[in-house]
Amino acid sequence: MKKYTGFILLLLTVTSCSRDIEVPENKAAVVYNRKNQIDDVVLKTGSHTIDFLSDVSLYDISEQKTDFKFEFIFNDASAADIDFSITYVPKVDDLAKICQKYQQRIDQNSISVIVLAETRAQIRALLVKIDKGELDEKQIFNIVEKNIKNENPAAGIIDIKSFSPGKLNYKN
């Protein structure tokens with residue numbers, strides 16, 4: 001037992017220690033615990049103390065712009081391409097929950113891929129309910145803008161600061 005005492009003391013020291021980290025401006029940190037699971041806390045700009053064996057992933061929380069261009073199908077099975085842009089900021093207080101929901105690994109420190117995929121799926125699901133001749137281009141963009149600003153999943157992940165309609169190209 002005596003030969004294990006030193007090892008046990010070392011193990012207890014390491015696991016009970018903490019360390020200080022600094023979260024820079026325009027960043028937020030998500031903490032991954034010893035089991036590589038996401039803690040349910042978001043660290044904002046400033047100094048923080050975390051468990052010695054925990055790690056953090058820094059996320060850019062400044063205003064970001066994403067351009068969308070993709071094909072979709074109307075309810076009447078006709079196809080079109082749509083393009084638009086949004087400027088947004090991530091929902092900082094929900095960042096840990098977002099990372100948990102989408103199973104973000106520690107090396108994936110951006111939600112832009114989530115925003116891109118979820119918004120694209122959301123708009124496709126919206127537009128498949130509309131017939132090609134039912135609304136004009138302006139009305140379609142108004143519906144798209146309202147939907148991504150007010151409906152999940154996009155509204156649950158980001159706060160949209162601006163929406164810029166592009167073009168709607170109908171296919172034969």
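Criteria and cut-off values
- Residues numbered from 1 in each chain as written.
- Predicted model: local features only at pLDDT ≥ 70, side-chain atom pairs only at ≥ 80, totals over all residues.
- Heavy atoms only, no water.
- Phe/Tyr/Trp six-rings, centres within 6.5 Å; stacked < 30°, edge-to-face > 60°.
- Buried < 20%, exposed > 50% of the residue type's maximum accessible area, 1.4 Å probe, protein only.
- Salt bridge = Lys/Arg side-chain N within 4 Å of Asp/Glu carboxyl O.
- Helix = DSSP H or I, 4+ residues; strand = E, 2+ residues; numbered from the N terminus.

**Some details on the packing of aromatic side chains**
Right, so step 1: A full pass over the atoms with the stated rule returns 6 aromatic pairs.
Right, so step 2: Between Phe-72 and Phe-74, the ring centres sit 4.9 Å apart and the planes meet at 70 degrees, which makes this aromatic pair edge-to-face.
Right, so step 3: Taking relative accessible area as the criterion, Phe-74 reaches 1% and is therefore assigned buried.

**Let's talk about the pattern of salt bridges**
Two side chains with opposite charge may pair up if their charged atoms get near one another.
Right, so step 1: Scanning the model with the defined rule gives 9 salt bridges in all.
Right, so step 2: Residues Asp-67 and Lys-65 are paired through a salt bridge, measuring 4.0 Å at the closest nitrogen-oxygen approach.
Right, so step 3: Residue classification places Asp-67 among the exposed positions, given a relative accessible area of 52%.
Right, so step 4: Lys-65 gets classed as exposed once you look at its relative accessible area, which sits at 58%.
Right, so step 5: Between Glu-71 and Lys-171 there is a salt bridge; the shortest N-O distance is 2.9 Å. Of the two residues, Glu-71 is situated in strand β6 (residues 64–73) and Lys-171 in the segment after β8 (158–170); the sequence distance between them amounts to 100 residues.
Right, so step 6: Through salt bridges that share partners, Glu-71, Asp-81 and Lys-171 make up one connected network.

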